Amino acid sequence: MTVRVQTAPFDAGAELTRFSAGAAAGGAGAVVSFTGIVRDLTPAPLLRLEIEHYPGMTERALGDIRDRACARWSLSGALIIHRHGTLMPQDPIMMVATAAPHRAAAFAAADFLMDYLKSRAPFWKKEVTATGTAWVSGKPEDEAALGRWD
Amino acid sequence: MTLEVLYFAWIRERIGLPRETVDTQAATVADLIAELSAREPRYAAAFSDPSAVRVAVDQTLSDIESPLEGAREVAFFPPMTGG
């Protein structure tokens, strides 16, 4: 049940291999993972992404989100990694992985973790392009997505 | 009461500092926003659209009506954009 907040890049493949090995040893029948990648969707070419966070609250919020997922789906394992600082296009931003006895729970829990990470974890993205900088605004549909889990 | 007040993202940029210690009698988050907004135009600018501002009291997501009694840390920030 790991939560990591870091500036350093991570190797999503290596993380998944390690997580899956632990999950298998623990008797899990299903592992689901999601990796978010910095993509270039800005009108001008994206030079970099700067992610600010709230040290202290970030760890609490991620731990709380993880605990809720673990309790709701009886997960045997959960992993959340989220980066902050300066990221370049094509860098991995974050990943989640879930382990459960069956796939339905692993998929649902990963989906839940992503929905909550989007709008309940204190991170803010700023896009730096050749023509200027802009804070990414929260999307109403991301907020609305949380309603699926009430 | 003495509060540590933190600002993030464009709210931090608009106010021009990441955190400050504030001596206040504000009973609620709304009172604190009104008090800060009355200080200087840069605060008023940061809080001009309350619907764009989120707040955490002692690192727990709260709302504008939340009481501040016993609080130590209040943070203001725009909607979160993680993931």
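Residues numbered from 1 in each chain as written. Chains lettered and ligands numbered in written order. Predicted model: local features only at pLDDT ≥ 70, side-chain atom pairs only at ≥ 80, totals over all residues. Heavy atoms only, no water.

Undergrad: Is there a simple way to think about the overall build of chain B in this case?
TA: Looking only at helices and strands, chain B has 3 helices and 5 strands in total. Scanning chain B from its N terminus toward the C terminus, one meets helices and strands in the order β-α-β-α-α-β-β-β. Relative to the globule expectation of 12 Å for 83 residues, the C-alpha radius of gyration of chain B, 12 Å, shows essentially globular dimensions. If one aligns the C-alpha atoms of chain B with their principal axes, the spans along those axes are about 30 × 30 × 20 Å. For chain B, the residues scored as buried account for 48% of the 83 residues in total. When contacts within chain B are restricted to residue pairs at least 6 apart in sequence, long-range pairs at least 24 apart make up 52% of them. When the accessible surface of chain B is summed, it comes to about 3900 Å², and 52% of that surface belongs to carbon and sulfur atoms. (Helix = DSSP H or I, 4+ residues; strand = E, 2+ residues; numbered from the N terminus. Rg over C-alpha atoms; globule rule 2.2 N^0.38 Å. Buried < 20%, exposed > 50% of the residue type's maximum accessible area, 1.4 Å probe, protein only. Contact = heavy atoms within 4.5 Å. Areas by Shrake-Rupley, 256 points an atom, 1.4 Å probe, with all protein chains shown as cover.)

Undergrad: Mind showing me how you'd approach the pattern of salt bridges here?
TA: If the charged atoms of two oppositely charged side chains come close together, the side chains can form a pair. Applying the stated criterion to the full structure yields 13 salt bridges over all chains. In this structure, the salt-bridge partner of A:Glu52 is B:Arg12, at a minimum N-O distance of 2.5 Å. In this pair, A:Glu52 is assigned in strand 3 (residues 46–53) and B:Arg12 in helix 1 (residues 9–15), connecting two distinct chains. A residue is classified by how much of its surface remains accessible, and A:Glu52, at 14% relative accessible area, is buried. Judged by relative accessible area, B:Arg12 falls into the partly exposed class, the value being 24%. Ionic pairing is found between B:Arg19 and B:Glu4, a salt bridge with its closest N-O pair at 3.2 Å. Of this pair, B:Arg19 sits in strand 2 (residues 19–23) while B:Glu4 sits in strand 1 (residues 2–7), and the two are 15 residues apart along the sequence. With relative accessibility at 43%, the residue B:Arg19 sits in the partly exposed group. By relative accessible area, B:Glu4 is classed as partly exposed at 23%. Where salt bridges share partners, they join A:Arg4, A:Glu15 and A:Arg18 into one cluster. (Salt bridge = Lys/Arg side-chain N within 4 Å of Asp/Glu carboxyl O.)

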